[in-house]
Amino acid sequence: MGDTGCVHFASYLKEYGYEPYSYVHGCFSACINKEARLRKALSCLCYKCGSSGPQLFCCLHCIYFACKGAHINEHYKHTKHYMALELCYGMLYCYQCRDFIYHSKCQTIAERHLWLEARSLDKSLSWRPWSPSRLEIELLLKNPKRRHVTALTSIGLRGLLNLGSTCFMNCIVQALIHTPLLRDYFLAELHECTTKTAAKCLVCEVSRLFQEFYSGARGPLSLHRLLHLIWNHARHLAGYEQQDAHEFFIATLDVLHRHCKISMTELAANAAAAAAAAAAAAAASDKSKPSTTTTNSHSQSQNQHSGTNYLQQQGTGQQDSIHLLSQSGTNSLPLLTAGSQGSATCQANQPDPNPTQCNCIIDQIFTGGLQSDVVCQACNGVSTTIDPFWDISLDLGESSNGQGGYGGPPKSLIDCLERFTRAEHLGSSAKIKCNTCNSYQESTKQLSMRTLPIVASFHLKRFEHSSLIDKKISTFISFPAELDMTPFMSQKKSDQQQQQPLSPSSSSSSLHDRTGGGANGSTGLSASEESRNHQQHCDSDTADFRYSLYAVINHVGTLDAGHYTAYVRHQKDIWVKCDDHIITTATLKQVLDSEGYLLFYHKKILEYE
């Protein structure tokens, strides 16, 4: 049968075209807008028995609704109308073939309708399996020799040469290479860069490294170009002395983040310039035409761009909408990205709704929100600040105060997180001015996770630097293969506090962006921010905060003579140890028994918006 349906559907298209299918699917199957949902509710009933299902068919010849089975079959026998649409799943049915059929263009129109339905209802698209595009099919046909990924495959594994105390860089690169969403982003070649900045762009170099890692070659790689770019953009890391892997990780994310912003800004500027030039050319050509022609040309230009405009309009008429979709049915769908982060690239013709929040791939994967609640001890007024973070640094030394049950060193990652999110009394020497009391008062401070990133990275502070001595803390800290962050979320902490009796108090909160801000002098939230915060609290009841370990970086030796190695998860239940150019297999027990310096966890379930 192929992707063009059957011979009966081909004859149907010659007589009726795609408009009846587009209309019926957009009104009664996907329901692309409010009018379509109302029309479906009023008219989608079996003309024979008056029921609404459970499985309803619509005749594409005369728009006749009937139940599956005897009622729709009776309609076919009397009218010989052989094409129908099953409304629950939007599938085409041919009564002459007595089977469901597939047509690629109809599928494209249906996907477009489903996306419009999700946008109209302000919900996410349901998950659908990947289907290759026409270009991808052509590439697959041109390259029949394809690698078969097995449990013992080495694709994606490459050793890295030590260029002279560069083990700190090698282990961070191994962790980034094995970050699933980052891998998918670069292997899909989604990063775009202008020719002017490509030679100095660190993101382009990282994209090239991903291609090298997954090329199938097994020889070790040299990171001299990456090291040179890091030295140029992070001067404090220049030189051949040993560096801290955590400091290199943060510096790398910062440089990647800045380069992504530059690329996105330049692409947006180029697109805006091209659009302005096209508009100027169109205006110049319009001046030489009669007024009636100018009006028609203007309406045609609106129709050409109406695919985008229609997505932003809510009051468009039903018939105009269906006609528009039938014309633009072959357009590709916008991509959805994981988490509440947005798309990987900015559109030049749409303003950023939140200019303080970057939309690059680095922020989408690694950026979370840390909430700090400062509670006045006099009036119980709460001042809240929210700051972005890329990782969480956890103390391993003894607690400064013995409150909360223990004052000794932590023994596990959970202990570290509990101590990190425990309320701390700031004392009389660190009084903070309360906006309610309008005076300096003693207060308590508590940290919690407002939003969690897709990749949660934890830095165990094993290196202590003081005026007297520098030392390394080699205490074993256990960490799990599966981590649930629910107890450390802000909403969970708030619920626990509400269960405790509190005196009536006023509270003030402020949402801080990357520029930071103190607890004092905070401003009130706007209506949009309050709505977004309320939505985040509502979503926290259904969100999933479970994480899975996928990379561990260890430091072996002392501060003066040490070496970095990394464990990374190559495939499910398959771990490898990366020691510069040497790659060996490892067990999960070896990973969990290691000392642990940097821990990388990936979210198990991704929410889409």
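The structure contained in this document is the topic of the report that follows. These figures come from a predicted structure and were not determined experimentally.

1. A closer look at the overall build of the chain
No. 1: When helices and strands are counted, the chain shows 20 helices and 22 strands.
No. 2: Looking at the chain residue by residue over its 609 residues, the buried ones come to 40%.

2. Observations regarding unusual backbone geometry
No. 1: Of note, the phi angle at arginine 98 is positive, near 55 degrees, even though the residue is not glycine.
No. 2: Relative to the elements of secondary structure, arginine 98 occurs in the loop between β4 (91-94) and β5 (99-101).
No. 3: The exposed category is assigned to arginine 98, whose relative accessible area is 57%.
No. 4: The backbone phi angle of serine 165 is positive, close to 60 degrees, even though this residue is not glycine.
No. 5: With respect to the element layout, serine 165 can be found in the loop between α6 (134-142) and α7 (167-177).

3. Quick word on the sheet that holds β4
Within a beta sheet, neighbouring strands are joined by backbone hydrogen bonds and run either parallel or antiparallel to one another.
No. 1: Read from one edge to the other, the open sheet built from five strands follows the order β2-β1-β3-β4-β5, with strand pairing classed as antiparallel. Looking at strand neighbours, the two that pair on one side only are β2 (65-67) and β5, the edges of this open sheet. When strand polarity is set aside, the average angle formed by the axes of neighbouring strands in this sheet is 40 degrees.
No. 2: Where β4 and β5 come together, three bridges link them in antiparallel fashion. Each bridged residue has a counterpart across the sheet, and for cysteine 94 the counterpart in β5 is aspartate 99.
No. 3: Here helix α2 (residues 19-29) sits on the sheet in contact with β1 (56-59), β2, β3 (83-86) and β4, set at roughly 25 degrees to β3.

4. Digging into the packing of aromatic side chains
No. 1: One pass over the full model with this rule turns up 20 aromatic pairs.
No. 2: Aromatic pair tyrosine 185 and phenylalanine 186: ring centres 5.1 Å apart, planes at 85 degrees, arrangement edge-to-face. Of the two residues, tyrosine 185 and phenylalanine 186, neither departs from the other in class, the shared state being buried.
No. 3: Three or more aromatic residues link up through ring pairs in this structure, and these residues are Tyr23, Phe28, Tyr47, Tyr64 and Phe65.
No. 4: It is lysine 80 that lies over the ring of tyrosine 76; its NZ or CZ is 5.8 Å from the centre.

5. Considerations on the pairing of β3
No. 1: What you see with β3 is no split at all: Met83 and Leu85 on one side and Ala84 and Glu86 on the other are buried throughout.
No. 2: Note: β3 against β4, four bridges, orientation antiparallel. Note that in β4 the partner of alanine 84 across the bridge is tyrosine 93.
No. 3: Hairpin connection from β3 to β4: four residues lie between these consecutive antiparallel strands, with glycine 90 at a positive phi of about 70 degrees.

6. Observations concerning the packing of α2 against helix α5 (residues 104-121)
No. 1: The N-to-C vectors of α2 and α5 enclose an angle of 30 degrees; their axes lie 10 Å apart at closest approach. Considered as vectors, α2 and α5 are oriented roughly parallel to each other. As for the relative orientation of α2 and α5, their crossing is right-handed in sense. Of α5, the residues touching α2 (which contributes Tyr21, Ser22, His25 and Gly26) are Cys106, Ile109, Ala110 and His113.

7. Examining the nonpolar core
No. 1: If you look at the biggest cluster of nonpolar residues, it comprises 60 residues, and the most contacted ones within it are Ile172, Leu226, Ile362, Phe366, Ile553, Tyr564 and Phe600.
No. 2: Apart from residues no more than four positions distant in its own chain, phenylalanine 600 is found in contact with Ala175, Phe249, Val455, Ala456, Ser457, Ser548, Leu549, Tyr550, Ala551 and Ile553.
No. 3: Core analysis: the second largest hydrophobic core is formed by 34 residues, Tyr12, Leu13, Tyr21 and Leu60 among them.

8. Some points on the pattern of salt bridges
No. 1: Considering all chains together, one arrives at 12 salt bridges under this definition.
No. 2: Here glutamate 205 and arginine 225 are joined by a salt bridge, their closest N and O atoms 3.6 Å apart. Of the two residues, glutamate 205 is situated in helix α10 (residues 202-213) and arginine 225 in helix α11 (residues 224-233); the sequence distance between them amounts to 20 residues.
No. 3: A relative accessible area of 8% means that glutamate 205 is categorised as buried.

9. Some points on helix α4 (residues 70-79)
No. 1: When α4 is considered as a whole, its buried residues turn out to be Ile72, His75 and Tyr76. Taken around the axis of α4, the buried residues stretch over an arc of 100 degrees, which confines them to a single face. Away from its buried face by more than 90 degrees, α4 exposes Ala70, Lys77 and His78.
No. 2: Lining the buried residues of α4 we find β1 and β2.
No. 3: Looking at the residues trailing α4, positive phi occurs at lysine 80, about 60 degrees.

10. Concerning the packing of α2 against helix α3 (residues 34-43)
Packed helices, taken two at a time, are described by the angle between their axes plus the distance between the axes.
No. 1: Closest axis-to-axis distance for the α2/α3 pair is 7 Å, and the angle between their directions is 80 degrees. It follows from the interaxial angle that α2 and α3 lie roughly perpendicular. Judged by residue contacts, Tyr23, Gly26, Cys27, Phe28 and Ser29 of α2 engage Ala36, Arg39, Lys40 and Ser43 from α3.
No. 2: Of the residues contributing to the contact of α2 with α3, the split by class is four nonpolar, three polar and two charged.

Thresholds applied
Residues numbered from 1 in each chain as written. Predicted model: local features only at pLDDT ≥ 70, side-chain atom pairs only at ≥ 80, totals over all residues. Heavy atoms only, no water. Helix = DSSP H or I, 4+ residues; strand = E, 2+ residues; numbered from the N terminus. Buried < 20%, exposed > 50% of the residue type's maximum accessible area, 1.4 Å probe, protein only. Pairing = 2+ DSSP bridges. Axes fitted to C-alpha atoms, helices over the stretch in contact; angles between N-to-C directions. Contact = heavy atoms within 4.5 Å. Phe/Tyr/Trp six-rings, centres within 6.5 Å; stacked < 30°, edge-to-face > 60°. Lys NZ or Arg CZ within 6 Å of the ring centre and 35° of its normal. Parallel < 35°, antiparallel > 145°, perpendicular 65-115°, else oblique. Left-handed = near helix turned anticlockwise from the far one by under 90°. Core = buried A, V, L, I, M, F, W, Y, C linked by side-chain atoms within 4.5 Å. Salt bridge = Lys/Arg side-chain N within 4 Å of Asp/Glu carboxyl O. Arc of directions from axis to C-beta. Nonpolar A, V, L, I, M, F, W, Y, C, P; charged D, E, K, R; others polar.

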